[in-house]
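# Coordinate analysis (summary)
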Amino acid sequence: MDFKFGVAPLVILLYLHSSLLRTTSSEVTVDPKFSMPINNVTVPIGREAILTCVVQDLGSYKVAWLRVDTQTILTIQNHVITKNHRVAIVWAEKKTWQLKIKDIKESDRGWYMCQINTDPMKSQMGYLDVVVPPDILDYPTSTDMVVREGSNVTLKCAATGSPTPTITWRREGGESITLPGGAEVLSVEGSTFTISRVNRLHMGAYLCIASNGVPPTVSKRIMLIIHFPPMIWVQNQLVGALEGQKITLECQSEAYPKSINYWTREKGEIVPQGGKFEPVLLDNAYKVVMKLSIKSVSQSDFGSYKCVAKNSLGDTDGTIKLYAIPPHTVGSGESQVSRPRGKVLRKDGNGLLDANTIVDGVVVDGDDIALRGNNDVNYGSSASSKQFFHIFHLSVVSLTIICCHIDQL
């Protein structure tokens, strides 16, 4: 059992150690005093704390350490009174008393008194602060969440520690967070984080980060999953091709949960995989690029194709019409019809892509026929102009010769 002290702790000390406190008249004249104040100490939990008390001219007086808030006598002179095995006393040169507490706990936080049993009693105090690294609580901290697009979401994070931890929210991938006012920031502080009318762009992992200056900083990963029905975008709804040409049809789909994607023909029959048809899916999170390559287009391949996307929340489709380009529209004056070699003008977020592109595995430049998104054939390029003027020139020369021959007759 630990000894307690009340309003007059000196009385308890005198009672417990009366035999040690008898002094001669010459010793009584000694006036002990503290050489320096006790420094306050801050120690992380689990470490060792040392409080130092230095006394000059102690004489036959005694020094004791006491815990103020619990009124517990810890040590007297070089003897440990408390039964707390973590407490020790180091006595050096009869003037320095170091109170050592091993394996510090949060309950050790508080005021400690170094006392000299003079009359009146002399004492001074030092504060022991125990700091605790942050720890994120499983409850009420949010777990992974699944919500419908358009709903409101509140993420919660609770943490303990001393000092009280600061909570910061970030996106795991470093993406910006859009605030209700429209401003974009990289982090948000607070134990709760609300997103109004979530959309698919909010989907991803969020980090709840707790820090209080005491290492280590801790974090918890919370996955926000947004469910929404499929949507399809078709960039080119009309695509022209020559017979025998290889062509690729393309759709873009977004859905979560992930959708089932496939192609159908006009009558609803699913386009098979293999043979001349090569359906390809490029999957990235909730986005899917659907491509259907036809190795060698034949007359039966012309018509409408549907790209279909389905998930548990709904389904949708997009239509692409593949039509035949008459061979004479791209003829070069030769008996054989050659494949058009032109630049495909495709729009992205910044306008048109490079004029040089790959058509059917051949790199072409901007000097030939241009096949546009609306499938109009552009004859305004330099190569077509040269060919036109060449034919026009031959026609004029031939007509002149004929006219001259008639005049001679």
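The paragraphs below set out a description of the structure included in this document. Note that the structure is predicted; figures quoted are calculated from it, not measured.

Right, let's get into the overall build of the protein chain. The helix and strand tally for the protein chain stands at three helices and 34 strands. The buried share of the protein chain, taken over its 409 residues, is 36%. Of the contacts made within the protein chain by residues no fewer than 6 positions apart, 60% connect residues no fewer than 24 positions apart.

It is worth spelling out the sheet that holds strand S28 (residues 314-324) at this point. Across the sheet, four strands lie side by side as S22-S28-S27-S24; this open sheet has mixed pairing. Looking at strand neighbours, the two that pair on one side only are strand S22 (238-241) and strand S24 (260-264), the edges of this open sheet. Sheet twist, expressed as the average angle between the axes of neighbouring strands with direction ignored, equals 25°. Where S22 lies against S28, four bridges are found, and the strand directions are parallel. What sits directly across from Val239, in S28, is Leu322.

Attention now moves to unusual backbone geometry. At the junction of Ser162 and Pro163, the peptide bond is cis and its omega measures out at 0° in the coordinates. Relative to the elements of secondary structure, Pro163 occurs in the loop between strand S14 (159-162) and strand S15 (166-171). Residue Pro215 is joined to Pro216 through a cis peptide bond whose omega torsion reads 5°. Tracing the chain through its elements places Pro216 in the loop between strand S20 (204-211) and strand S21 (218-233). The backbone of Glu93 shows a phi angle near 55°, a positive value even though the residue is not glycine. By the element assignment, Glu93 lies in the loop between strand S8 (87-92) and strand S9 (96-101). For Glu93, a relative accessible area of 68% gives the class exposed. Look at Asp103: it is not a glycine, yet its phi comes out positive at around 45°.

Moving on, we get to the nonpolar core. By size, the foremost hydrophobic cluster in this structure holds 23 residues, and its most contacted members are Trp65, Leu99, Tyr112 and Leu128. Breaking this core down by element, the ones donating at least two residues are strand S3 (41-44), strand S4 (49-56), strand S5 (63-67), S8, S9, strand S10 (110-116) and strand S11 (122-136). Here this core takes four residues from S4, the largest share from any one element. Beyond its immediate stretch of four places on either side in the chain, Tyr112 contacts Leu51, Trp65, Leu66, Arg67, Val68, Leu74, Leu99, Ile101, Gln124, Met125, Gly126 and Leu128.

Let us look at the pattern of salt bridges. Applying the stated criterion to the full structure yields 13 salt bridges. With a closest N to O distance of 2.7 Å, Lys122 and Asp31 form a salt bridge. With a gap of 91 residues between them, Lys122 in strand S11 and Asp31 in the loop between helix H2 (25-28) and strand S2 (33-34) connect regions that are remote in the sequence. Residue class for Lys122 comes out partly exposed when judged on its relative accessible area of 25%. One salt bridge in this structure joins Asp57 and Lys33, with 3.4 Å as the shortest N-O distance. You can see Asp57 sitting in the loop between S4 and S5 and its partner Lys33 sitting in strand S2, a full 24 residues away along the chain. The partly exposed category is assigned to Asp57, whose relative accessible area is 46%. Classification of Lys33 as partly exposed rests on a relative accessible area of 39%.

Analysis parameters
Residues numbered from 1 in each chain as written. Predicted model: local features only at pLDDT ≥ 70, side-chain atom pairs only at ≥ 80, totals over all residues. Heavy atoms only, no water. Helix = DSSP H or I, 4+ residues; strand = E, 2+ residues; numbered from the N terminus. Buried < 20%, exposed > 50% of the residue type's maximum accessible area, 1.4 Å probe, protein only. Contact = heavy atoms within 4.5 Å. Pairing = 2+ DSSP bridges. Axes fitted to C-alpha atoms, helices over the stretch in contact; angles between N-to-C directions. Core = buried A, V, L, I, M, F, W, Y, C linked by side-chain atoms within 4.5 Å. Salt bridge = Lys/Arg side-chain N within 4 Å of Asp/Glu carboxyl O.

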